[in-house]
Amino acid sequence: MNLFRRKSVTQLQAEALTDQRLKRALGATNLTMLGIGAIIGTGIFVLTGTVAAQNAGPAVVLSFVLAGIASIFAALCYSEFASLVPMAGSAYTYGYATLGELFAWIIGWDLILEYALGAVTVSIGWSGYVVSFLRDVGLHIPGQLSAARGTLVTLGDGTQVTAIFNLPAVIIIAIVTLLLVIGIRESANVNNVIVFVKVAVVLLFIVGAAHAVNPANWHPFIPPSTGVRGHFGWSGVMQGAGIVFFAYIGFDAVSTAAQEAKNPKRDMPISIIGSLLICTVLYIAVSAVATGIVPYLQLDVPDPIAVAADHAGVGWMASLIKLGAIAGLSSVILVMLLGQSRIFWTMADDGLLPKFVSRVHPKFQTPWITTIVTGVVVACFAAIFTVREAGSLVSIGTLLAFVIVSIGVLVLRIREPNLPRTFKTPVVWFVAPMGALSAIALMISLPWLTWERLIYWFAFGIVIYFGYSLYNSKLGPRKIAGETGWSRALKIAGVIWIVFGSLGSILWLARYRTEYIPGALGIVIGLAGFVLAWSLGALLNLVAQVSDHTHARHLMMESPGDLEK
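Residues numbered from 1 in each chain as written. Predicted model: local features only at pLDDT ≥ 70, side-chain atom pairs only at ≥ 80, totals over all residues. Heavy atoms only, no water.

Here we look at the environment of Asn-541
So, step 1. Assignment of secondary structure puts Asn-541 in helix α19 (residues 520-558).
So, step 2. For Asn-541 and Ala-493, which are 48 residues apart along the polypeptide, the C-alpha to C-alpha distance reads 8.4 Å. (Helix = DSSP H or I, 4+ residues; strand = E, 2+ residues; numbered from the N terminus.)

Examining the nonpolar core
So, step 1. The biggest cluster of nonpolar side chains holds 157 residues, and the ones touching the most others in it are Phe-45, Tyr-78, Tyr-129, Phe-205 and Phe-251.
So, step 2. Apart from the residues lying within four places of it in its own chain, the contact partners of Phe-205 are Ala-210, Val-286, Val-289, Ala-290, Ile-293, Ile-305, Ala-308, Ala-309, Met-317 and Ile-321. (Core = buried A, V, L, I, M, F, W, Y, C linked by side-chain atoms within 4.5 Å. Buried < 20%, exposed > 50% of the residue type's maximum accessible area, 1.4 Å probe, protein only. Contact = heavy atoms within 4.5 Å.)

Re a nonpolar patch on the surface
So, step 1. Taken together, the side chains of Val-427, Phe-430, Met-434, Leu-437, Ile-440 and Ile-444 make up a nonpolar region of the molecular surface, amounting to roughly 560 Å² of accessible area.
So, step 2. Relative to the assigned elements, Leu-437 resides in helix α16 (residues 428-445). (Patch = residues over 30% accessible without salt bridge, like charges linked within 9 Å, V, L, I, M, F, W, Y side chains within 5 Å. Areas by Shrake-Rupley, 256 points an atom, 1.4 Å probe, with all protein chains shown as cover. Salt bridge = Lys/Arg side-chain N within 4 Å of Asp/Glu carboxyl O.)

Examining helix α7 (residues 167-182)
So, step 1. For α7, with 16 residues, the first-to-last C-alpha span of 23 Å sits near the 22 Å given by 1.5 Å per residue.
So, step 2. Every buried residue of α7 is listed here: Pro-168, Ala-169, Ile-172, Ile-173, Val-176, Thr-177, Leu-180 and Val-181. (Expected span 1.5 Å × (residues − 1).)

Notes on the pattern of salt bridges
So, step 1. Here the structure, examined in full by the defined rule, presents six salt bridges.
So, step 2. Measuring nitrogen to oxygen at the nearest pair gives 2.9 Å for the salt bridge that ties Asp-267 to Arg-266.
So, step 3. Linking Lys-491 and Asp-548 is a salt bridge whose minimum nitrogen-to-oxygen distance equals 2.7 Å. One end of the pair, Lys-491, is in helix α18 (residues 485-516); the other, Asp-548, is in helix α19, with 57 residues separating them in the sequence.
So, step 4. With relative accessibility at 7%, the residue Lys-491 sits in the buried group.
So, step 5. When salt bridges that share partners are traced, they join Glu-80, Arg-413 and Arg-421 into one network.

Remember, this is a structural readout, not a statement about activity or role.
See the structure below:
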C-alpha cells in the first residue's frame, strides 16, 4: 500500500472554491486580530517568568528573539501554503499535499497534541491569575486545589501545603467545553474587542511599570551555567527559546481559519506575518521590563507580570493586568479547543479517523462528541500538569510542524514549480532550510523528558495509523485482495511489535542503559533489541502477506469473475 499517496493541490484548490460548509467572513484585519488574540496568552503572562527563573535569567529576552527568528522563517513558509491551499487543517493539509499521507498523519497527530496541550497550558496560567485576583478581593481558593498535583503552595500566612489538583483550570475547561458544545458564535467584532483589551493591558504594563526598572537586575544578563544542561548559560538561553516557542503557535491557528477567509490568497500572508511581528515586539518589551523590575529568580510564579506590577508599586495596575490576563487567556483556550475540533474534523473527513469523530449535534450543529472528549482529556491533564511540563510538549509539537511545513514548501516548489502562487516565500532556498534547521535546533535544546513523552505519543499514533487509518483513508483501497481478519490482525501485531520494541530500545539506549548496564554490553543489548523488534515484526507481516496471496489465488480459482468484479 502506498504510504505516501497525496492529495492534489489543484483538487484542494477546487474543493476550497466549492466547499461552503464554512462561511468565508474574515478579512485581513480580523485574521490578524485572531492571530494576536491566539498568540498573546500564556507565553507572555506566564512563561516569561518561569523561563527567566529556571533557564535564561534576564536573557529570556534573547530566548524570545531566537524563538521569533525561527517563527519568522516558518511563517513565510506557512504564508505560501495558506494562500495556495486555503483549506482548514493547517500543516496537516499542507503535508498531505506535498509529502504524502504518512507525513500528513504524523503532523495531524502532532497537531492534536499541540492544541490539546496548548489548552492545558493556557488553563494552568488562567488558574494562576484567577487565584491571585480572587485573593486580592478577599476570596481564597484552598491551596490544595489551586495548583498541579505535588506542587508546594505558599499560603497567606507563610505556611505551605501540597496541591492535590488544579480546580480552577478544570472549571475553565469545563465552561469553554460547554460553550463550544452549545455552539457559541464568536463574531470577529467580539474577538477584536478581546484583542484590544489584551494589547492595552500589555502596553499599560510596559509604559506604566517601566519607571521601576533597575538595570542592576539585568546583571549578569546571561547567568553562568550551573553545570546542568539548560540551567542558565547559553544552553539555558536555547532551552528557554524552545520553551517560550509555545508563545508563537498562535499564527498556526490563523492558518486553520484559511477556509473562512474572504480573500485567503491576499489576507493569509498579511495576517500570519503581521500578527507574528507585532507579538514578537511585545514579548521582548514585556520580558525586558519584568526582569528589570524583579530579580529573575523571584519570577517563578504562575502570574509573573502581576508580581512585577506589584513590585513596581502600581497596585491598581496589578489588578487590571490580572483581569486582562484572565479575559485574554479565556479566549486563547477557546481558540485552542476550536483548533483541536478542526483538526479532528479534517482528519475524519479524509477517513483517517472514525466518522463519529466529526459527528455534528442535530440541534447545536457542533462536533459535540469530539468537543466533550477533548474537554475531559484536557481537564484531566490541566488538573495535574505544571505549566512547564505542558508548555514544553506543545513547543516540541509545534516545532515538528514547522519542520514539515518548511520542507514541504521546497518539495512543492520542485514537484509543481508552475503552480500559480499569489505569495511566494522570499529566498525560499535559504528561508525554508533555515526554518527547518532552526526548529530542529530548538527541539534538540528541549529536555529529554519532553522527547520521551513525544515518542510515546507518536508510537501510539503509528499503531492507530497502521491499524485503522491506512485501511479507511479515502485515497486508499477499502479492501486488499485476499486479506482476512486474521491476516490484518497479524499485520497490526507486527507493527505494534516494531513500534514498541523500537521504543523500548530507544529508551534503553538514551536513558536506562547508563543506570543499569553501562558500557559496550548495554549498547549491544539496545541494538539487539532493535534487530529483534524489526525481525519479528517483519516476520509477522511476511506471514500475513503470504496468507493474503494464498487466499487471493484460491478466490481467483473458485470464482474469477467475482474477483474481477
